[in-house]
Amino acid sequence: MPCLSAFVAFTLLYYLSCLLSFSFGMLPGMVSPLWPPAALAVCAILRLGYRIAPGVLIGAILSTVLSSGIPLISSLAIGIGATLEACTVVYLIDRFYPSRRGFIHQGPIFRFVGIAVLCSVIGATFGTAAMSIAYPEQSGAPDQAALTWLTWLMGNATGMIVGVPLLMSLNFARGQSWPRLKLLEAGLFLALLLTATQIAFAGLLPFKPIVYLPIPFLLWAAFRFNFASVNWTTAIICAAAAWHTADGLSPFVNPDVATSLMLLMVYICVIGTTGLALSSLVYRHAAVEKALRAERDSLEQRVRERTDALMEDIEARKHVERELAQSESELSEAQSLAQIGSWNWNLETNEFTWSDELYRLYKVSKNLFPSTLDNVRQLIHPDDREAMGRAIAACRDTGQPFYLEYRIIPPGGSVRNVAGRGQLQKDENGRAVKMFGTVQDITHIKEAEVSLREAEERYRTVVELSPDAILAQQDGRFVLANQAAVCLFGASHASQIIGRSLYEFLLPQFHDAVRQRIEHVQEGEAVGPAELGIRRLDGVAVDLELNSSVFMYRGRPASLFIARDITERKRTAQQMAYLAHYDSLTGLPNRILLYQRLEHALSIAERPGRSVEVLFLDLDRFKLINDTLGHAAGDLVLKEAARRLENILRESDTVARLGGDEFVVLVENVDEPHRGNVIAEKILSAFRPPLVIGNETLVMSTSIGISSYPSDGTDVETLLKHADTAMYQAKQVGRNNYRYYSPEMNRHAEERIAMETALSRAIENNELFILYQPKMDVMSNRISGMEALLRWNHPVFGAVPPQRFIRLAEEVGLIHSIGYWAIRNACRQNREWQRINPARMKVAVNLSARQLGDDKLIDNITNILAETMLEARYLELEIAESAVMADPDKAIAVLNALRDIGVSVAIDDFGAGYSSLAYLKQFPIRAVKIDQSFVQGVPFSRSDAAITKAIINLAHSLECSVIAEGAETQQQFDFLRDNDCDSVQGFFFSEPVSAEHFTDLLRVQANLHIH
């Protein structure tokens, strides 16, 4: 299809060109002095091959038949002549030129002119014959036939001479672009050319030489543009001449048509040949210029390559020079760093050469100090010269290297210790020719050896004076024991321990653990301290904390043991462990132990047919007993309640004190529903007998709420909450009875929801405020700090107790905003006090368990301190035992972070919770607050007094200050002061007061009433 399209397109184009060329005709028929279709046919065959030649035949037939009415036989003869003419031209071009592309400029220009004229004979002959057949009356005369033949010949020849270069130049001109000025010049050129051709050929001027007016334009095109422009200029000039001659206007017009044709064709031939010559000249000039540019580029490339190669050689040489200089510099730096200088001694010439470092080491100038043997000897200490001479002589005699440490005395300097090495070099005949060596400054090494000996003496003194037992063991026997170890093992002298094994003292149950520990230490593993037991030489068993490591002792590996007697600490820890799980007043399990047992009971009760019931007890009117008879009487009531509960319950049941007057009874292994009412009836019956305290007879009763697993809850919190709800229902219906939990008990929940809503708006409505209770320093009887106590006064609920709304805030997630509000206002108030009072005191603020678990706690505290401009050391956070023990590991991390920013931490209500001493000793706390339940019982309650003393001693052993809260009497204050309590807080001094009132206390604290 593409070939057919090209064929049809060419046939149509050839046909149209023939129609256009008929306008140049001057003789009867189709004879024209300029026939461009001949050039079109040649260029088409050159480009598309001989297969396009039939298009010439068809186009010629169509143009002659349709336009001139010539008979078909004559049209066929004309078409055959045109086709043979074009094919012959292409054949001769292939024959005489190396390639078709640019062939016109590849040889003499007259070669193509000759080919064009020669081949035009074919077309002229066929055309003249066809015209004689078509117009016998007009072309039959010999002179007319000759004129027709010559005109046809010249028309085809000039058409090819002018047209072929023009059409060939179209391909060469493709892709060229001219700048704007060149385009303007081209436009001016075209306008002037058309004007000149109009003047020359339109008959405007009568003299004939005017026809040569356009010839300068050929030169303009040749020298200002390109050879394509020359071809176009030639075509325009020839076309204009032929057109105006055909119209009878040009100077070539003559009454004799033959003369007109002859003049026109000669002119066209001259113009065409001139244009062809100029275009060829321009083309060759461009080719030569292109070749010169290519040669120039090649030479430049060769110069660049040679330059690059030369630069590479120069860079390589510079690189070698830099490496050599760097090597010399590195050698000099290495000698300087090691303080080692090198020397060479030519034994044949007796010439010495030194390195630069050796000159620096001897502190002499290279230019001023001749390095001769005599000069070198003068720098050696007089006492070492003889030794140096013997070493050099021995080296020369035996050929063995020498090493000698000696002293030198540099000019104007102090004595230095150096180490000299030397070696002999012999030639192939075995004759000594050179000696070389090094000198190293070892002054610092000698000084370090002295320092090491002194340090060893110091460390030996430290070991002997250490309060911890320090022992070293090699080959399973002690080889070192300090005085503390002698005392720890119950010996009177170290010889009683040296030579014996650690296993001789260890209790048998610790043998395997210590053996594995020693193996791990010897393998380089890091191990922490271990607690174990030993039996001293006097038979007494003691507990030790043992740290182990491996060290070198007298050049051999040894095991190092550092031991500390922790017997008393473990005894205190056991006591505190008991306090952590049992209530100190009643001896009953506390909250943590209850939770553990209840969790275990629930896991067992998951079996089919099993149940658990929880009884929540609250003593009736217990606050009235405390308020009227005092806390001592209240403690007796609590103890009696615990005793009666234990007496009526099974061993499998658990009774625990949650705190205050609240008890919980856990009934396990319930195999029938609502068996808890039987237990509740027993409890109510057990509480009916009165209790006599001194002269008072008290009637005891309790309200009980019961929840059952799984109907009332499947987890600990839910069961306790529902039992608590049922207990409040029992109190509301008259006390001294029990109630089972039911979903209808929702009034408390409704009140709780209302309180939640009110609490969420408490800050916005300015319902929260802070009271401050002073802390009194026992020794100075002055205010040493204050505790910020959060209060809530609601227009409907009134003054809501803190224990109620704080717990609610924790449960509903409001504790963060409320807690940070309290900390911010307390810090701001403390900063205000510091502005008006020179005293600097800490303000203590309670931190809830939820706040302790807040990941943004440290950032928020830091921002609050920055906002209020209060130094961190004047803020103390009080955290309940239960809060830190909920997640001890995280609590340790948070408390360490608080310590790092400067905020101190105190453990609140100490002794009332369930602290684990294993964690407590890791907490970075600065203060411990004794729970008021212990303080209120002293000094009359022996158990409270003993526990309070133990807490004070334990806190001091942990380097913590002690604060007692709840002091209300002179006796309590005296007891706390006599037992070294640091600070006291309570109604005995002041109830919690407003910030304004506390400001007045600070101003008059010198006159504050102290008993």
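Cut-off values and rules
- Residues numbered from 1 in each chain as written.
- Predicted model: local features only at pLDDT ≥ 70, side-chain atom pairs only at ≥ 80, totals over all residues.
- Heavy atoms only, no water.
- Salt bridge = Lys/Arg side-chain N within 4 Å of Asp/Glu carboxyl O.
- Helix = DSSP H or I, 4+ residues; strand = E, 2+ residues; numbered from the N terminus.
- Buried < 20%, exposed > 50% of the residue type's maximum accessible area, 1.4 Å probe, protein only.
- Pairing = 2+ DSSP bridges.
- Axes fitted to C-alpha atoms, helices over the stretch in contact; angles between N-to-C directions.
- Contact = heavy atoms within 4.5 Å.
- Patch = residues over 30% accessible without salt bridge, like charges linked within 9 Å, V, L, I, M, F, W, Y side chains within 5 Å.
- Areas by Shrake-Rupley, 256 points an atom, 1.4 Å probe, with all protein chains shown as cover.
- Core = buried A, V, L, I, M, F, W, Y, C linked by side-chain atoms within 4.5 Å.
- UniProt positions renumbered as here; feature names shortened; annotations may be inferred.
- 1 Å grid on protein atoms, 1.4 Å probe; cavity = no way out; pocket = protein on both sides within 12 Å on 5 of 7 lines; lining within 4 Å.
- Points joined across faces, edges and corners; volume = space filled by probe spheres on them.
- Nonpolar A, V, L, I, M, F, W, Y, C, P; charged D, E, K, R; others polar.
- Phe/Tyr/Trp six-rings, centres within 6.5 Å; stacked < 30°, edge-to-face > 60°.
- Lys NZ or Arg CZ within 6 Å of the ring centre and 35° of its normal.

On to the pattern of salt bridges, then. One pass over the full model with this rule turns up 38 salt bridges. Close ionic contact of Arg828 with Glu867 constitutes a salt bridge, the shortest N to O distance being 3.4 Å. With Arg828 in helix H26 (residues 815-836) and Glu867 in helix H28 (residues 857-868), this pair connects stretches of sequence that are 39 residues apart. A relative accessible area of 37% places Arg828 in the partly exposed class. Across the pair Asp978 and Arg977 runs a salt bridge, and its minimum N-O distance is 3.8 Å. A single network of salt bridges, built from pairs that share partners, joins Lys775, Glu787, Glu876, Glu878, Lys929 and Glu965.

The subject of this paragraph is the sheet that holds strand S7 (residues 477-481). With antiparallel pairing, 5 strands are arranged side by side in an open sheet as S7-S6-S10-S9-S8. Of all strands in the sheet, those with a lone pairing partner are S7 and strand S8 (530-535), marking the two edges. In this sheet, adjacent strand axes meet at a mean angle of 40 degrees when their direction is disregarded. The pairing of strand S9 (residues 541-553) with strand S10 (residues 556-565) spans 10 bridges and is antiparallel. Looking across to S10, one finds that Phe551 is bridged to Ala558. Against the sheet, helix H18 (residues 567-581) contacts S8, S9 and S10, and its axis sits at roughly 130 degrees relative to S9.

All right, on to a nonpolar patch on the surface then. A cluster of nonpolar residues, Ile73, Leu76, Ile80, Leu84, Phe126 and Ile133, forms a patch on the protein surface that exposes about 500 Å² of accessible area. Counting only elements with at least two residues in the nonpolar patch, the list comes to helix H4 (72-96) and helix H5 (109-134). When residues in the nonpolar patch are grouped by element, the largest group, 4 residues, is from H4. The exposed category is assigned to Ile133, whose relative accessible area is 56%.

Further remarks concern the nonpolar core. Most often, soluble globular proteins keep nonpolar side chains buried together rather than apart. One finds Tyr772, Ile823 and Leu875 to be the most contacted residues of the largest nonpolar core, which totals 86 residues. Per-element accounting of this core gives the leading share, 9 residues, to H26. Formed by 34 residues, the second largest nonpolar core is a distinct cluster that contains Val90, Tyr97, Val164 and Met168.

Attention shifts here to the pairing of strand S1 (residues 340-346). Here S1 shows one buried face, formed by Gly341, Trp343 and Trp345, and one open face, formed by Ile340, Ser342, Asn344 and Asn346. One ladder, built from 7 bridges, connects S1 with strand S5 (residues 432-441); its direction is antiparallel. Bridge pairing in S5 links Trp343 to Gly437. With 4 bridges connecting them, S1 and strand S2 (residues 351-354) associate as antiparallel partners. Directly across from Asn346, in S2, lies its bridge partner Glu351.

On to the UniProt feature "transmembrane region" (unreviewed entry) in the protein, then. Within this numbering scheme, the UniProt entry marks residues 6-27, 72-93, 113-135, 147-171, 183-205, 217-243 and 264-283 as carrying the feature "transmembrane region" (unreviewed entry). Here residues 72-93 is 100% helix and 0% strand, with 31 Å between the C-alpha atoms at its ends. Helix makes up 96% of residues 113-135 and strand 0%. Its end C-alpha atoms lie 31 Å apart.

So, about empty space enclosed by the protein. For the structure on display, the rule yields 8 cavities of 30 Å³ or more. In this model, the largest cavity occupies a volume close to 180 Å³. Considering the residues around the largest cavity, the lining is formed by 21 residues, among which Tyr14, Trp35, Ile78, Ala82 and Trp152 are closest to the centre. Ranked by the residues each element gives to the lining of the largest cavity, the list is headed by H4, at 5 residues. The residue inventory of the lining of the largest cavity, partitioned by class, reads 15 nonpolar, 5 polar and 1 charged.

What follows is about the packing of aromatic side chains. Inspection of the entire model under this criterion finds 13 aromatic pairs. Their ring planes at 70 degrees and their centres at 6.5 Å tell us that Trp792 and Phe797 sit as a pair that is edge-to-face. For the pair Trp792 and Phe805, a centre-to-centre distance of 5.7 Å together with 80 degrees between the ring planes defines the contact as edge-to-face. With Trp792 in strand S19 (residues 783-794) and Phe805 in helix H25 (residues 802-812), this residue pair connects regions lying 13 residues apart in the sequence. A cation over a ring is seen here: Arg515 above Tyr503, with NZ or CZ 5.0 Å from the ring centre.

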